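# A closer look at the structure
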Amino acid sequence: ETGVTQTPRHLVMGMTNKKSLKCEQHLGHNAMYWYKQSAKKPLELMFVYNFKEQTENNSVPSRFSPECPNSSHLFLHLHTLQPEDSALYLCASSPRGGLAGSWNEQFFGPGTRLTVL
Amino acid sequence: AQTVTQSQPEMSVQEAETVTLSCTYDTSESDYYLFWYKQPPSRQMILVIRQEAYKQQNATENRFSVNFQKAAKSFSLKISDSQLGDAAMYFCAYRSGASGTYKYIFGTGTRLKVLA
């Protein structure tokens with residue numbers, strides 16, 4: 001597989017369930033991101049990881065727990081979610097910022113459509 | 001802090017016509033990158049075009065071109081000869097050029113409808 005992949009593509013869960021979203025990038029990038037995309041709202045940055053280290057946590061509730069075991073894999077562990085957490089969760093990756101000659105663009109995965117009942 | 005503003009929530013264009021999507025941004029930095037991303041309905045977000053701030057020449061990619069006005073902090077996207085496949089949400093994004101930065105700032109998006 002190439003690019004950024006996300007599994008599962010669709011997830012329905014109850015408020016008491018525990019589930020995990022997985023993201024994998026095959027681009028050799030060192031930065032990975034989680035975004036939340038809700039209808040009629042701006043794209044919300046949740047977490048940023050660089051070489052497995054978290055560099056950004058955008059005041060995300062603790063019911064979302066990220067994990068980055070290496071620079072190719074990123075997880076988002078979910079527990080006791082609320083119906084308002086229903087959204088499209090996008091993963092992205094990018095090369096290191098400030099690289100001469102690099103465009104530093106983000107590559108996105110297809111997203112996981114999450115529904116919380 | 002940097003901000004990105006897209007003032008047009010929705011735009012429509014007739015097939016084969018030209019449309020311009022607006023984007024303004026605010027930053028105190030001199031080195032940065034600007035991007036336009038396209039997100040078709042139920043499909044993956046993909047890069048359309050990109051611009052480095054130090055380059056005065058406007059970027060072009062086939063039917064897509066930008067009008068980059070650094071002093072005015074404006075970065076509009078022009079789509080020529082619009083096609084039905086151009087219908088999508090378009091997001092303008094900013095990234096600092098400083099080494100070690102990873103944060104992208106996105107606008108709220110413009111939904112483009114292409115009329116047959």
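Up top you'll find the structure we're talking about.
The structure contained in this document is the topic of the report that follows. (Residues numbered from 1 in each chain as written. Chains lettered and ligands numbered in written order. Predicted model: local features only at pLDDT ≥ 70, side-chain atom pairs only at ≥ 80, totals over all residues. Heavy atoms only, no water.)

## A look at the overall build of chain B
A tally of regular secondary structure across chain B gives 0 helices and 12 strands. Secondary structure elements in chain B, listed N-terminal to C-terminal, are β-β-β-β-β-β-β-β-β-β-β-β. Compactness check: chain B gives a C-alpha radius of gyration of 14 Å against a globular reference of 13 Å for 116 residues, within 12% of the reference. Counting only C-alpha atoms, chain B reaches 45 × 30 × 20 Å along its principal axes. (Helix = DSSP H or I, 4+ residues; strand = E, 2+ residues; numbered from the N terminus. Rg over C-alpha atoms; globule rule 2.2 N^0.38 Å.)

## Concerning the layout of surface pockets
In this structure, the largest pocket spans a volume of roughly 710 Å³. Q37(A), A39(A), Q39(B), M89(B) and R111(B) are, among the 27 residues lining the largest pocket, the residues nearest its centre. In terms of residue class, the lining of the largest pocket is made up of 9 nonpolar, 11 polar and 7 charged. Roughly 400 Å³ of internal volume is contained in the second largest pocket. Forming the boundary of the second largest pocket are 21 residues, of which L43(A), E44(A), L45(A), M46(A) and N58(A) lie nearest the centre. For the lining of the second largest pocket, the elements supplying multiple residues, two or more each, are β4 (31-37) and β5 (44-50) of chain A together with β11 (104-106) of chain B. A breakdown of the residues in the lining of the second largest pocket according to their chemical character gives 11 nonpolar, 5 polar and 5 charged. (1 Å grid on protein atoms, 1.4 Å probe; cavity = no way out; pocket = protein on both sides within 12 Å on 5 of 7 lines; lining within 4 Å. Points joined across faces, edges and corners; volume = space filled by probe spheres on them. Nonpolar A, V, L, I, M, F, W, Y, C, P; charged D, E, K, R; others polar.)

## Looking at the state of the cysteines
Under the criterion given, the structure shown has 2 disulfides over all chains. One disulfide in the model links C23(A) with C91(A); its S-S distance is 1.9 Å. Sign of the S-S torsion, about -75° for the bond between C23(A) and C91(A), identifies this disulfide as left-handed. Highlighted residues: C23(A) in strand β3 (residues 18-25) and C91(A) in strand β9 (residues 87-94), separated in sequence by 68 residues. Each member of the pair, C23(A) as well as C91(A), is classed as buried. Residue C23(B) pairs covalently with C92(B) via a disulfide, S to S 2.0 Å. Taking the sign of the torsion about the S-S bond as the criterion, the disulfide between C23(B) and C92(B), at about -70°, is left-handed. (Disulfide = S-S within 2.5 Å. Buried < 20%, exposed > 50% of the residue type's maximum accessible area, 1.4 Å probe, protein only.)

Note that all results are geometric; they support no functional claim without further evidence.
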